[in-house]
Every structure is written in C-alpha cells, then in structure tokens.
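Survey of secondary and tertiary structure
Chain by chain, the residues:
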Amino acid sequence: MNTKIESKTEVTFFRSLRGTLILLLLSVSLMPLIFMGILAYMLAENTLTTEITNKLVAVRDIKANQIERYFDERLGDVKILAQNPTTIAAMLAFEETVEKDIESQGISEVSMMQVYRPSYLGKPELVDAEDETAYSAVHAEYQAMFKTYMETYGYYDIFLIEPHSGAIVFTVYKEDDFGTNLLDGPYAQTNIGQAFRSVQEANHQEFTILEDFAYYEPSGEPASFVAAPIFDQSELIGVLVFQLPLDQIDAIMQERNGLGETGETILISSDDFLLRSNSHFFDENSILEQEVDTEATRASAAGEMGVKNIIDYRGEATIIAHKPLNIPDVRWSLNAKIDTAEISASTQQTLLMTLGIMGIGTIIVVGVALFFSNSLAKPLLQVTKIARKLSGGDVDQTVSVNSRSEIGVLATTFQEMIAYQKQMAQAANRLAEGDLTVEIIPKSERDMLGNAFQQMIINLREITAENESQLWQSIGQAELSDTMRGQLDELTLASNLIQFLCRYLDVQAGAVYLQKDGFLELIDSYAYVYRKELANNFYIGQGVVGQAAQEESMIVLRRVPHNYVKFIADSQEVVPTNVVACPFLYEERLIGVIELGSENDFMPRQIEFLERSMENIAIVFNMAQARTSVPDRKVSQN
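Throughout what follows, the structure given in this document is the object of discussion. (Residues numbered from 1 in each chain as written. Predicted model: local features only at pLDDT ≥ 70, side-chain atom pairs only at ≥ 80, totals over all residues. Heavy atoms only, no water.)

Once that is clear, we can look at the layout of surface pockets. Approximately 1,500 Å³ is the volume found for the largest pocket. Elements represented by at least two residues in the lining of the largest pocket include exactly helix 1 (17-82), helix 4 (134-153), helix 6 (246-253), helix 11 (448-483) and helix 14 (604-637). Sorting elements by how many residues they give to the lining of the largest pocket places helix 1 first, with eleven residues. (1 Å grid on protein atoms, 1.4 Å probe; cavity = no way out; pocket = protein on both sides within 12 Å on 5 of 7 lines; lining within 4 Å. Points joined across faces, edges and corners; volume = space filled by probe spheres on them. Helix = DSSP H or I, 4+ residues; strand = E, 2+ residues; numbered from the N terminus.)

Set out below in structure tokens:
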C-alpha cells in the first residue's frame, strides 16, 4: 500500500516578506514619531502649566494687595471725614435744627424725621425743599458738599446718624432708609444698623468698622458699609457711614489681563463661602448668591495660601491660586483661577498634528512595502537588521547598500531618515531642557513633521514672550497705582510719577506739564537741564508738548534736533534722540502732558504701557485737583 503524503507550508502575512517589510518600516518610522510627539506634548503642557501657574500667583498677589489697600483707604476716608471740622459742624447743625423743629412742632424726633421724609425721599438732586423748616436751610448748606465728596471718591451713599436716638438725619442719596431709626426702626437689624451700634458701643475717636456684605433692601442689592464716630471734642455727637459701591470692587476683581477666556479673580467669605465680588460668568449679580465651597476656599479659611488643581464651583477642572486676605473686621479670601481645559487646548493641537503625521506615515510605509517587497528581499535583510536596532532607540546607524535600483534609493532615503531622526531627537532634547533657541529648518513645504516642530517652537516662544510682556505690564500698572496712591498734592504726585516712569520705562529724562488757564505749565521734571529757547511753559499747540495737547493724542519723535533738550547722565549732558509726548485727559478735559526723552527708540511695550496709563493718571490728577478745590468751597460756605 502506497501512502502519498502531501505537505503544504503556508506563509502567513506576518511571516511573509511583505508583512515583515510593512511591520519593520512602521516600527522604524512611527516609534521616533511617537516618542517625539509624546515628548513635545508633555513639554508644551508642562511649560504652559508652569507659566500659567506663575502668572496666577502673581495676579493673586497683585489683586490681594489692591483689594486690601482699597478697604484700608475706605476706612481711612471715613475716619478722616468724620474728624473734618466741616463734618462736625454739619452734624451739630443737623442736630440743633431737628431739635428746633421738634420744639416748634411739639412732636418726637422720630415723628419729626417722618415730616422731613416726603420732601426729600428719592430726590438726591434736591438741595432745598423750601418748606420753611430749619432742617431745609441746613440741608441746603451741606448737601452739595457731601454730594461732591461722594461723587469724587465714588461712594454709593453717605449717612449722618444721631448717636443717641439712632435717627438717620441725613443721606446724600435719600433712599428709603432716610429718616428711619437704627435702634428699633425697619432697618435696625441690617448691617448698617450693626455698624451704627458698633460705633456707638466703641465710643472712641479712632474707631472704624467695616461691615460685611448683606442684602440691603433700600438699595435693592447687596451692600457693605464703613463707619466712624463724629466727636465734638470729647462728646460723641454723631456717626458717619459710607455705603461702598459694588462697581469699584468689581473694577479691581474683574480686570482680567492675561487670564484668557476662563480665568477670573473672585472674593469669597470664609464664614459662609459665598461670593463677595461678582463673577464675570454670570450676567446677574452673584454676590451672596453663588457658593464657592471648595478645597481652596476651605484652605484659605484655615489661613493657608497656595495653588491647587481642583473642580471649581462651576464643575470645571481648574488651577486656583488662593490666599486669605488681611482686611479688618471680615474673613475673606481671594482666588485667581483658570480652567485647565484652556491650558491644554494648544497642546492638544500639537498632539492631533502628531497623530495625523503618524497616520500619513503609516499609509506611505505600507504602500512602499507592498510595491517593492518582491525585489527587496536580499538588500532588505541588511536594512532589517538596522531597523531592529533603530526600534531599540539606537539611531547611530549607517546604511550601506550598493545598488542603483529602487533599493539603493530606499537605502539612501533610510539613511537620510536616520539623520533626520537624530536631528529631531537632538532638538527635542534641547527643548526638554528649556532651550527655545533651537532652530528646525523643514526640508520642504511638505515636511509636515519639520513644519509642525518649527511651528511648535515659534508658538512656545510667542507664548513665553507674551507672558513676560503681560506680566511686565501688570506689574508696572500695579506699581504705578502704588506710586499715585494716597492723598497727594499735584507737585508730589507729579514728582513721584515722573521718577517712576523714567525708572520703569528705562528712559533718561522726563517732565510733567499741567494745563493752567490755557497754558501748559512745567510742574516737575527728571534730569532735564536745557530746552530750546528756555521754554518751560507752552501754549496749546506750541511745540511738541503743545501739539500733543492740541491733538489729544500721543506724539513720538525720532532723531530730534541736537539742541532740542539735554539731560544729565553719568554727570554729563546728553542729548536724547527720541521724545514722546503723552496728553492725559479726564472726561475729554485736558489735564496735562507727560514728556519723556530717551537715547534709545521707544519699544512697542513702552508705548502700550503709556497708553494704558494715561487714563489712570488723569483720574488721579483730577482727584488731586478736586481735593485742592474742596477747601475753597468749604470756606465760602462757612
């Protein structure tokens, strides 16, 4: 019996030359791409996260200093005005007037205030009710002064309260609380009533109190108050109360430069974890409405400050820089925060681009392997060995295939690919070390990896430069605010301002001119020693300073005449080559002009800093001028 055995050996796809070639080329091509893609993604994410975290900490500290100074100044304002002779005279006059009207009417003080209410309630512009009461005569004397003070310093309302009966004898705004009693009246249990009783119980001249936000029915919104006693020598004759405006606090907290689309800074009470400033994510008022009970706010309530990656009150993953605030009479904390999704958006784009390159590379490799598999068997053995080493991460290889056919081209291309991978790996290592000076020159417009890598480097440089510029602007604006802070006269303000601008902008000379009766008068200067024709005052339209004032816009001069101006530098007279003149206006009224001279060209960020600063400078000078004019009006009224 003859038995014939037939054997058939089938080569599976993964054992075939074609399959092997495809797998090897995929390994050789994609592994370095995956490595570089992951490295680039991690580097971009870590770099951006670090930059954003540092920026959040800086913003947190700047905002904390600003809001703490804001409330310190409000407490200082109420104490100073309470000790002002005009305020004391006003309180005495209102008290004496009410007593006279009580005697003439034969009614109680509470009833007497109800007589006044209909004439003034809801009429903040009314000066004299002309009802022949003694009260109306005193009201006409003091309404304008307190109203001017309120509007100048931006308060919501000002109250004068009789200390024994608790009667609100005067307010500027005349809401429903005017004329009521804070001992047993309808608003006695509100936070203004608590502020009044705290002052009444303290009974010493230096006492001040800040009452936390609570809903205040007369205003129809949350309100916070500061209060101080009014003494006539050693006798308590009244209580002065300021109602703080919400918009000034929001102006500080909702300034969001450098915080992107999802960033914000907010105030939170450590007692009830409710907002004490409005969030820009809500169209309506969110003070006392939105709870922010998170790990960050509880840490701040315990006296800790730091940075945390947590889920915020909106349910979003967030980086939060938090700290408790040092504000008298309240327990608040401050959060500076930004969504992590916004941080990772740009790095995700890099990841998607890398994945796309890998997908295209896979298609190309499979096509080449299928086309050349039959003729590449022998030469490919050598390439296979090298490919195995490359798959282990060893890029120090050389392909030596002597062939003028397609396999030779493949070998040459393979060698170029190895060199390219070395170049990319070296560049990636330099980036991992933080070296952004690395340069990648794409081989062509279709070099997707090279172009993507080059664009990533450009993006990282731009982000780093932008962050540095924004931080420089933010720090400069904060220091400028500190320089102009306080009850400064025009001369001191001008001196502080021009010295700060010259130092921070690194310019060699500067001068401040204020508009006085149609002239621009030199108030103070820094390092100027000579001006052409010795002019220190200008008509509007005269010279560069006058021209800037007339046009109400900044003028930048380059290569100015050699005899235009000189300044002292290293004990020698030097001529600046560049001059900038910046007018500052308050409500379309020219306040003055700042002139700066430099040996170097003015950079865009210096010009931007000046443009952003002019409005605040105008406001502060206007306030200084208002303070100068108020005593004159007081004298005339007395």
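Next comes the rest of the account.
This paragraph deals with the side chain of Ser 224. Looking at where Ser 224 falls in the secondary structure, it is placed in strand 4 (residues 221-232). Polar side-chain contacts of Ser 224 include one of 2.6 Å to the backbone oxygen of Glu 211. Contact partners of Ser 224, with chain neighbours within four places excluded, come to Asn 191, Leu 210, Glu 211, Asp 212, Phe 213, Phe 242, Gln 243 and Leu 244. (Polar contact = N/O pair within 3.5 Å; in protein donor to acceptor, adjacent residues only side chain to side chain. Contact = heavy atoms within 4.5 Å.)

Our focus in this paragraph is the pattern of salt bridges. Within this structure, the stated rule accounts for 23 salt bridges. Where Lys 337 meets Glu 264, a salt bridge forms, and the shortest distance between an N and an O atom there is 3.4 Å. Of this pair, Lys 337 sits in strand 9 (residues 332-339) while Glu 264 sits in strand 6 (residues 264-269); the two residues are 73 residues apart in sequence, bridging distant segments of the chain. Owing to a relative accessible area of 1%, Lys 337 belongs among the buried residues under this scheme. Judged by relative accessible area, Glu 264 falls into the buried class, the value being 2%. Several salt bridges converge on common partners, so that one network encompasses Glu 264, Asp 312, Arg 314, Lys 337 and Asp 339. (Salt bridge = Lys/Arg side-chain N within 4 Å of Asp/Glu carboxyl O. Buried < 20%, exposed > 50% of the residue type's maximum accessible area, 1.4 Å probe, protein only.)

The buried fraction of strand 4 amounts to ten of the twelve residues, a majority that puts the element mostly inside the structure. As paired strands, strand 3 (residues 209-216) and strand 4 are joined by six bridges and run antiparallel to one another. Bridge pairing in strand 4 places Ile 209 opposite Ala 227. Counted between consecutive antiparallel strands, the loop separating strand 3 from strand 4 contains four residues, among which Gly 220 sits at a positive phi close to 70 degrees. Here eight bridges tie strand 4 to strand 5 (residues 235-243), and the two strands are oriented antiparallel to one another. In the sheet register, Asp 232 faces strand 5, and the bridge partner there is Glu 235. Here strand 4 folds back onto strand 5 in antiparallel fashion, the turn holding two residues, of which Gln 233 has a positive phi close to 60 degrees. (Pairing = 2+ DSSP bridges.)

The subject of this paragraph is the packing of helix 2 (residues 85-105) against helix 3 (residues 109-120). Following both chains from N to C, one finds helix 2 and helix 3 inclined at 100 degrees, their axes separated by 10 Å at the closest point. When the interaxial angle is binned, helix 2 and helix 3 end up roughly perpendicular. Residues Thr 97, Val 98, Asp 101, Ile 102 and Gln 105 of helix 2 form the contact with helix 3, whose participating residues are Glu 109, Met 112, Met 113 and Tyr 116. Split into classes, the residues belonging to the contact of helix 2 with helix 3 amount to five nonpolar, two polar and two charged. (Axes fitted to C-alpha atoms, helices over the stretch in contact; angles between N-to-C directions. Parallel < 35°, antiparallel > 145°, perpendicular 65-115°, else oblique. Nonpolar A, V, L, I, M, F, W, Y, C, P; charged D, E, K, R; others polar.)

For soluble globular proteins, the rule of thumb is that nonpolar side chains tend to be buried together. Counting residues in hydrophobic clusters, the biggest one holds 55 residues, and the most contacted among them are Ile 67, Phe 71, Phe 146, Leu 160, Leu 240 and Phe 242. Filtering out sequence-adjacent residues up to four positions away, Phe 71 remains in contact with Leu 210, Leu 244, Ile 249, Ile 327 and Trp 332. Ranked by size, the runner-up nonpolar core spans 33 residues in total, among them Cys 502, Ile 591, Leu 596 and Ala 618. (Core = buried A, V, L, I, M, F, W, Y, C linked by side-chain atoms within 4.5 Å.)

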